[in-house]
Amino acid sequence: MWLTPEEVALKNALKLWVTEKSNDYFVLQRRRGHGDTGGKITGMLVGALDTVLDSNARVAPFRILLQVPGSQVSWVIASGATAEEVQKHWKWLDQNLLPYMSVFENKQDAASFAQGKVKGLIAEEVLGGQAALEDDPARFREVLARFEQRFGLPQQEKLVAHYSCCCWKGRVPRQGWLYLSTNHLAFYSFLLGKEVKLLVPWAEVTGLERASLGLMTDVIRVRTRQRQRDFSMFLNVDEVMTVMSQLADLALRRLLDSGGLEVDKSLQQATNVTKRVLEHQALRQYVLSLFGLPRSEKLQEVMNCSMWTPHARCHTPGKLYTTDNYMGFSSRLEGQCTLLIPLAEVQSIEKAESTGALPNPVIISVKSKKAFQLIELLQRDELVENLTDRLRALHWRQAVFRGHSQRKKSQVSSTPYYTFYYDGVSSEENDEVSDETLRNTVLTEALITTFQSGPSQSASNKTMSEQLRVRLWGDHFEEFGRGVHMFRTDKIRKLVAMGIPESLRGELWLTFSDACSSLAAHPDYYVDLVSKCMGETSIATEEIERDLHRSLPEHAAFQNQTGIAALRRVLTAYAHRNPNIGYCQSMNILASVLLLYAKEEEAFWLLVTVCERMLPDYFNHRVIGAQVDQSVFEELIRERLPSLAESVPDLSPLASVSLTWFLTLFLSVLPFRSALCVLDCFFYHGIKAVFQLGLAVLDANAAELCASTDDGQALMTLTSFLEQVRDDEEPCVCAEEAGPAGHTHITALINDAYEKFGDLTVKQLERMRCRHRIQVLQSHEDTTKENTLRLVSPDVSLSQEDLSGLYDLFKTEHFISLYWGDGVRTPPEPRAVSRGYTESYHVDCAQFKSLYALLTPWPCGSHTDTVAQRTFILLDQNRRNRISFTQFARWLDTLYCEDFNEKVRLLYRLHIPPALTENEDQSSLAKNPILSTTRPLYVDLPNGERKSHEEQLKQMLKDLAKEKDKGQEKPLPHMNQREFVQFCKTLCNMFHGDRAENELFQAIAMVTSLVLQIGEARHKGRTLEAEPKERECPDQAASSVSESEGDWTASFEQILASLLTEQALVNFLERPVDLSAKIASAKEQQYHVRAGLLMIHHQKTR
């Protein structure tokens, strides 16, 4: 490998190199100790030194130096793992550089000329390799060479990062290097002659955590299903932990059935994954969560700056984040001041004159005639240019869309199918409206304006609290502005904690969530969507119909067909918009509350925002997102409530209770008006508000929970507490119902949550989510495995341990193709209600051949690949070029656990269509010496009697006929002569190398001769039967005779009976084989055997 010229002060420093050959300009050296036998102490010490210092000499013990004659200065320009590799470089230098260097009069110029040529060679290599995307390609290229040399993985394995660290084995640390690739965690160490290699697939990692090990506090613990590994002594442990979590999360999303979790497009190709890309992706995910932006937004610029905040009358330092369609500002202290500006609201972006007090200012003007000032932007010109280009493109798209909408409206019929319902009809009159009319009506008013839940909500009887809140919000709008781009500060947080007034609730939900931007960008989208989907029937619509009357049944709006019809339209439209989610339980509760305080179209876009932006991955068939947050919540309990964690060691029951809190946002566990206040906080703070409130609830009940004797009592404690959380306007309860402690005010509970747990940040939650998603996905994988084994177990006789080991081998083979194949996971078959469980993993023909070679009890030498091909065709009944684990396990069960008859039946089926195809080898009977029919055919019975094969065969056929009549098995097609030859060929290959090989060959020769005689006798019998017919009907008889000439056949029963006459064959096929030992051996060989085959295939295709 060519190296970037690196100066070496002394050519033979510390006597670590031995010179093999040299000339005027170049020196070829070998690392001392390399190639020495006998384990000399010098070689061991040099090897340990190379590993600790990450020296290239450990994997490349040969090097070439460039030297200037008469000087002590040299440069390393090439290295090699073998003598052949370095000799190749030496030859190139001798032929292509050395003759030209002799022309230079100045020797230093000659050396500079050689260095330039070597750098050019390196640049050419870098352009076509992994290192091209790295910050330091030359350095990364050397690290990549060491990684590939040490672990022997294919070139498709993308190395992402490497770190110096210690790996602990008990109390003993081993210094080495940690390599993190897209599919594996690898560690290498070489100390005092002992080499240690660890290769852990991310798919096997079940957990990552920070731990303490004695005096070592910054330890990263990597858990797998078999054991755990501890790594320490990192220079930046936070960076390593972040990269490891991201890579494990990315690998599990790609490899496992993640229940609908999507992989970002920039990370779908493993070759695009670098440490820089991962850092950018982590920052992007943080920005999307911080501002609640659509998942499709791409992060463009991140800049330090200061923004003028009128309420504080100063410039607040922070960061500016820009995406495709948004600008966001966040203060250095997260949550202190936040601002979100959709580009659709921006009118202009201008540069102002820079002064000493206002360096590099930028003025952003919005449509509401407000302006925002940013200063201290170091790359102001570039930022303004990029934002102006995006703004211009956005305005062009809006103009095109408006023109399209106008043309569409001009073509619409004057009597549209959908009408709009206005708040002008009383509820009594609504009851008389036909159901068909309600289905075709889109509400333009919030349901709360028509259906009042109580006198306290009447506009004429507003409480003093409601009036006060309205006045406070009015003052806030005057000071901070109104709309999406208003400043979000501590003052607005306090207003939200008090509860948003009903008259402003719908508007502020739209503002805080930015759903109003989606609404403005997609006019008429909802009406068009409803017109397409209403009347269609699907699984989602059936589930929606079942849940319609369970949604807030106590509220008057949903005791009426108007509210039910609106809820039906919103849920059906969303299921049609996003079929990946469709409809999930708890969506009906959320949508019904949204309809109370927002117009129907607004409620739809609020639902879209919650499901796709604020709670991503919550509403899928496995509710992965909610389970991840439940796991994060359990960790937060241990961190933030240590006394409770000590008293209740098993926190899983408490965390399980929280799953309902996250899925329904407390709507199903709190009194209605109190739950509305929680929903207000959720739309303002995001999911962080639910975490904080959940911790506050547990903290308020910590004493009772610690004293509880079982999970049921703890659950009753929390349920009783939540039922007594009240709002000012909540109906009062009697003293007996309230209990001795009375009720808790929701505003006090929210303020308490913020005061105690307000330091919880979005960045912390995102990091924890990334780690806990690994645990949740692996937990689902364990469940998938249990379900598969439970499905297969009744049909096979294999032990549970063997089945489990086979499943692991099968899954690993599937993953290997994803590691170094196309990298795309084959999606499972579509789930249907009637189908039930669907297996997640399948293998194709090439993967099955690999498993066949590892697990078959009867290797066939060079014929193994052919037999494996036939077996795959036989198992692939649906002709989809893939088989499931169930089919794989049943096949192995036949080989290892079934009786002699079933094993022969399987071998027989492998040599008739469809397993045996027409284009396989056409063997001739005359070419095979064992197919002689002139031998005497006798069998020696155990009692000493000698009986002819014909008599013995007749008796066996009678016995088989009786068994056939009992079992009523489907008869197998007869085997023709060509197929029988292939059958014999397979048996001969199976016997090759066996200790009883000669005896087995003689036995198969006897069986072959017997079956051939039977087939010939049958053939002659058919010919004789055709002769009388020839006299009666010459034309039909002629065709019959011509067909019978080639109609040599043998039945399965005849072949089975013939095989039973040879005890050696019976003993061979019934000989027990230890499947557990086969599985253990296969696990050791599978990985590197497949990796080697893929490397060979990759080299051939290049």
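A. Structural detail: the overall build of the chain. Along the backbone of the chain there are 41 helices and 30 strands. Residues classed as buried in the chain amount to 51% of the 1102 residues present. Considering only residue pairs separated by 6 or more positions, the chain has 67% of its internal contacts joining residues 24 or more positions apart. Surface summary for the chain: the accessible area is close to 51,600 Å², and the carbon and sulfur share equals 51%.

B. Structural context of the packing of helix α15 (residues 525–533) against helix α17 (residues 561–577). Interhelical geometry of α15 versus α17 gives an angle of 85° and a closest axis separation of 9 Å. The angle between α15 and α17 falls in the class roughly perpendicular. Contacts from Y525, Y526, L529, V530, K532 and C533 of α15 reach α17 at R569, V570, T572, A573, H576 and R577. Partitioned by chemical class, the residues of the contact of α15 with α17 number seven nonpolar, two polar and three charged.

C. Looking closely at empty space enclosed by the protein. A complete count under the given rule lists five cavities of 30 Å³ or more for this structure. In this structure, the largest cavity is lined by 13 residues; those nearest its centre are C681, H685, A689, Q692 and I750. Only α12 (490–498), α23 (672–685), α24 (688–700) and α28 (746–757) provide two or more residues apiece to the lining of the largest cavity. When its residues are assigned to classes, the lining of the largest cavity shows ten nonpolar, two polar and one charged. The space that makes up the second largest cavity amounts to roughly 80 Å³. Taken together, 13 residues line the second largest cavity, and the ones lying closest to its centre are Y852, W858, L895, L907 and L910.

D. Up close: the sheet that holds strand β16 (residues 337–342). Read across the sheet, eight strands follow the order β17-β18-β19-β13-β14-β15-β16-β22 without closing on themselves; strand pairing throughout is antiparallel. Because the sheet does not close on itself, it has two edges, and the strands there are β17 (346–351) and β22 (488–489).

E. Layout of the pairing of strand β11 (residues 216–224). The sheet contact formed by strand β10 (residues 205–213) and β11 spans seven bridges and is antiparallel. Of the residues in β11, the one forming a bridge with L208 is V222. Hairpin connection of β10 to β11: two residues between the antiparallel strands, including G214 at a positive phi of 65°. For β11 and strand β12 (residues 228–232), the ladder comprises four bridges, and the chain directions are antiparallel. Within β12, the position partnered with R221 by the bridge is D230. Connecting the antiparallel pair β11 and β12 is a turn made up of three residues.

F. Broad picture of the packing of aromatic side chains. For the structure shown, the criterion picks out 42 aromatic pairs. Centre to centre, the rings of Y807 and F885 are 5.3 Å apart; their planes meet at 80°, and the pair counts as edge-to-face. Of the two residues, Y807 is situated in helix α30 (residues 800–820) and F885 in helix α33 (residues 885–897); the sequence distance between them amounts to 78 residues. Each of the two residues, Y807 as well as F885, counts as buried.

G. Representation of the sheet that holds β10. As summarised here, the arrangement of the seven strands in space is β9-β8-β7-β6-β12-β11-β10, forming an open sheet in which the pairing is antiparallel. Where the open sheet ends on each side, the last strands, each with one partner, are β9 (194–201) and β10. For this sheet the average axis-to-axis angle between neighbouring strands, irrespective of direction, equals 30°.

H. How the structure looks around helix α18 (residues 587–597). In terms of burial, α18 is largely enclosed, as eleven of its eleven residues are buried. Along α18, the residues that are buried comprise M587, N588, I589, L590, A591, S592, V593, L594, L595, L596 and Y597.

I. Just the pattern of salt bridges, in detail. This structure, assessed with the given rule, holds 40 salt bridges. In this structure, R482 and E507 form a salt bridge, with 2.7 Å as the shortest nitrogen-oxygen distance. Of this pair, R482 sits in the loop between α11 (464–480) and β22 while E507 sits in helix α13 (residues 502–513); the two residues are 25 residues apart in sequence, bridging distant segments of the chain. Here E507 falls in the partly exposed class, since its relative accessible area comes to 31%. Connected through shared salt-bridge partners, E204, R225 and D782 make up one network.

J. Molecular detail of the environment of Q228. Looking at the secondary structure, you find Q228 in strand β12. Looking at Q228, the relative accessible area reads 33%, which means it is partly exposed. Along the sequence, Q228 and K169 sit 59 residues apart, while their C-alpha atoms lie 10.0 Å from each other. If near-sequence neighbours (up to four positions away) are discounted, Q228 is found in contact with R221, V222 and R223.

K. Structural context of the confidence of the model for the chain. Taken residue by residue, the chain gives an average pLDDT of 81. The fraction at 70 or more is 79%. Segment residues 454–461: pLDDT under 50, and nine contacts once partners within four positions in sequence are set aside and those in other chains are kept. Across residues 922–939 the pLDDT falls below 50, and counting only partners more than four positions away or on other chains, this stretch makes 41 contacts in the model.

L. Looking closely at the packing of α12 against α28. Remark: α12 packs on α28, axes separated minimally by 8 Å, with the N-to-C direction vectors making an angle of 145°. Of the residues in α28, those in contact with D490, R493, A497 and M498 of α12 are T747, I750, N751 and Y754. Counted by class, the contact of α12 with α28 contains four nonpolar, two polar and two charged residues.

M. Expanded view of unusual backbone geometry. Cis rather than trans, the peptide bond between P913 and P914 has omega equal to 5°. With respect to the helices and strands, the residue P914 is situated in the loop between α34 (900–909) and β27 (938–940). Phi angles above zero are rare outside glycine, and V623 is one such case at about 40°. With respect to the helices and strands, V623 occurs in the loop between α19 (600–614) and α20 (624–640).

Calculation notes
- Residues numbered from 1 in each chain as written.
- Predicted model: local features only at pLDDT ≥ 70, side-chain atom pairs only at ≥ 80, totals over all residues.
- Heavy atoms only, no water.
- Helix = DSSP H or I, 4+ residues; strand = E, 2+ residues; numbered from the N terminus.
- Buried < 20%, exposed > 50% of the residue type's maximum accessible area, 1.4 Å probe, protein only.
- Contact = heavy atoms within 4.5 Å.
- Areas by Shrake-Rupley, 256 points an atom, 1.4 Å probe, with all protein chains shown as cover.
- Axes fitted to C-alpha atoms, helices over the stretch in contact; angles between N-to-C directions.
- Parallel < 35°, antiparallel > 145°, perpendicular 65-115°, else oblique.
- Nonpolar A, V, L, I, M, F, W, Y, C, P; charged D, E, K, R; others polar.
- 1 Å grid on protein atoms, 1.4 Å probe; cavity = no way out; pocket = protein on both sides within 12 Å on 5 of 7 lines; lining within 4 Å.
- Points joined across faces, edges and corners; volume = space filled by probe spheres on them.
- Pairing = 2+ DSSP bridges.
- Phe/Tyr/Trp six-rings, centres within 6.5 Å; stacked < 30°, edge-to-face > 60°.
- Salt bridge = Lys/Arg side-chain N within 4 Å of Asp/Glu carboxyl O.
- pLDDT = per-residue confidence, 0-100.

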